[in-house]
Amino acid sequence: MFESCYKIYKNCFPDYPISYENFCERLNIKKSKLFCETDEEKIVGFAVSGSDNIAVVAVEKAYRGKGIGRNLVGLCEEYIKNNGKKTVKLGIGDASLFQGVPVDNDGDSGVYKFFEKCGYKESHLTYNMDIDTYSFEYVALDIPKPENVTYRLAKDSDKEELLKAVQAAEPDWTDLYKNCDDDILLAICDDKIVAFEMINENGGIFTKEDNIIHGCIGCVGTIPQYRKRGIGLDMTANAVQRLRALGCDKVQLLYLVLDKWYGKLGFYITSTQWMGEKEI
């Protein structure tokens, strides 16, 4: 059944290619709720809901305009309400594929308008970004170079201090870092961890090109008393340089709001997502 949903997904979201394995893993299919609409036993639309979010809704083009999408959204909302939640988020949650609702780079794909008609309101936009490592030159960057800061990969012995730093900087990320299997790059200043980020030379989720090796950087954070010194930006530049040395052709960033900040390093927007919520 889920393979049929994956085929529908690929037809509906060609600008967001993802492997079937990643599709299943990110949608957390063993714990999330799957709803399907059928026509003579053929699946023509589906939706996946987490405990408080709608992760994805997709309907085959030939079956749109018949109320199928609205019905799927309604089923997800009822499921979430029965979980005791009062707000439905679009995208991110315990089952998630997108950060929000994918829109074209011109901001007018029409997908988010469907959710507006279902009563959802925009909170903000997020972005996915790439950088081409072949054109990246750290020494040529016009960014602040923080003094007395060094960078290294985290060791097992750093875990307790790292989690305290994450808790101080971005408490919502604590569980992500506690269970992280990726390498973690640390910024060290005054003999302590002051910033951190995840890096993966086999990263990248939505990748269109064949034979292109994508790295990925995620969850970049700096503890409050060390912010506005250029540490986070310089640490990210260091991560790009490391991933380039590991053979990555591109490095991907997902679900950002600070697009201009990362743009200082040469990252460019590849896709945009509409963040919507609804009270139920």
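The structure this text deals with has already been given above.
Everything in this summary refers to the structure shown in the same document.

Procedures and definitions
Residues numbered from 1 in each chain as written. Predicted model: local features only at pLDDT ≥ 70, side-chain atom pairs only at ≥ 80, totals over all residues. Heavy atoms only, no water. 1 Å grid on protein atoms, 1.4 Å probe; cavity = no way out; pocket = protein on both sides within 12 Å on 5 of 7 lines; lining within 4 Å. Points joined across faces, edges and corners; volume = space filled by probe spheres on them. Helix = DSSP H or I, 4+ residues; strand = E, 2+ residues; numbered from the N terminus. Nonpolar A, V, L, I, M, F, W, Y, C, P; charged D, E, K, R; others polar. Phe/Tyr/Trp six-rings, centres within 6.5 Å; stacked < 30°, edge-to-face > 60°. Buried < 20%, exposed > 50% of the residue type's maximum accessible area, 1.4 Å probe, protein only. Core = buried A, V, L, I, M, F, W, Y, C linked by side-chain atoms within 4.5 Å. Contact = heavy atoms within 4.5 Å. Salt bridge = Lys/Arg side-chain N within 4 Å of Asp/Glu carboxyl O. Pairing = 2+ DSSP bridges. Right-handed = clockwise from strand over helix to strand, strands pointing away.

**Some thoughts on empty space enclosed by the protein**
One pass over the structure, following the stated rule, counts one cavity of 30 Å³ or more. Considering only enclosed or pocket space, the largest cavity measures out at about 100 Å³ in volume. Considering the residues around the largest cavity, the lining is formed by 13 residues, among which Ala55, Val56, Val57, Val101 and Phe115 are closest to the centre. Looking at the lining of the largest cavity, the elements that each hand over two or more residues are β3 (53-59), β5 (101-103) and α4 (111-117). Among the elements that take part in the lining of the largest cavity, β3 stands out by supplying four residues, more than any other. A per-class count over the lining of the largest cavity returns eleven nonpolar, two polar and no charged.

**Overview of the packing of aromatic side chains**
Across all of its chains, the model carries 16 aromatic pairs by this definition. A ring pair is formed by tyrosine 6 and tyrosine 20, whose centres lie 5.2 Å apart and whose planes are at 65 degrees; its orientation type is edge-to-face. One end of the pair, tyrosine 6, is in helix α1 (residues 2-12); the other, tyrosine 20, is in helix α2 (residues 20-26), with 14 residues separating them in the sequence. Judged by relative accessible area, which is 12%, tyrosine 6 ranks as buried.

**Considerations on the environment of glutamate 137**
Along the chain, glutamate 137 turns up in the loop between β6 (121-132) and β7 (150-153). For glutamate 137, a relative accessible area of 42% translates into the label partly exposed.

**Here we look at the nonpolar core**
With 45 residues, the main nonpolar core has Leu162, Tyr177, Ala187, Phe196, Ile217 and Phe267 as its most contacted residues. Secondary-structure elements contributing two or more residues to this core are β6, α5 (159-169), β8 (183-189), β9 (192-200), β10 (214-222), α7 (231-245) and β11 (250-256). When residues of this core are assigned to their parent elements, the largest contribution, seven residues, is made by α7. Excluding its chain neighbours within four sequence positions, the residues that come into contact with leucine 162 are Tyr177, Ile184, Leu186, Ile193 and Phe196. Grouped together as the second largest cluster of nonpolar side chains are 25 residues, Tyr6, Phe13, Leu27 and Leu254 included.

**Considering the pattern of salt bridges**
Under the criterion given, the structure shown has seven salt bridges. The residue arginine 152 makes a salt bridge to aspartate 158 at a minimum N-O spacing of 2.8 Å. Residue class for aspartate 158 comes out buried when judged on its relative accessible area of 7%. A salt bridge links lysine 178 to aspartate 175, with the nearest nitrogen and oxygen atoms 4.0 Å apart. Note that lysine 178 and aspartate 175 are positioned in helix α6 (residues 174-178) at a spacing of three residues, about one turn of the helix. Assessed through its relative accessible area of 39%, lysine 178 is described here as partly exposed.

**Details of the pairing of strand β2 (residues 42-49)**
Judged by how many residues are buried, β2 sits mostly within the fold: seven of eight residues are covered. With seven bridges connecting them, strand β1 (residues 33-39) and β2 associate as antiparallel partners. Paired with aspartate 39 across the bridge in β2 is lysine 42. In sequence, β1 turns back onto β2 through a hairpin of two residues, with glutamate 40 there showing a positive phi of about 55 degrees. In terms of strand pairing, β2 meets β3 through five bridges, oriented antiparallel. Looking at the pairing, serine 49 lines up with isoleucine 54 of β3. Between β2 and β3, which pair antiparallel and follow one another directly, the connecting turn spans three residues.

**Focus on the pairing of β10**
A large share of β10 lies buried, amounting to seven of its nine residues. In this structure, β9 lies alongside β10, joined through five bridges in antiparallel fashion. Across the sheet, asparagine 200 pairs through a bridge with cysteine 216, a residue of β10. When β10 meets β11, the two strands line up parallel, connected through four bridges. Paired with isoleucine 217 across the bridge in β11 is leucine 253. Crossover β10 to β11 through α7 is right-handed.

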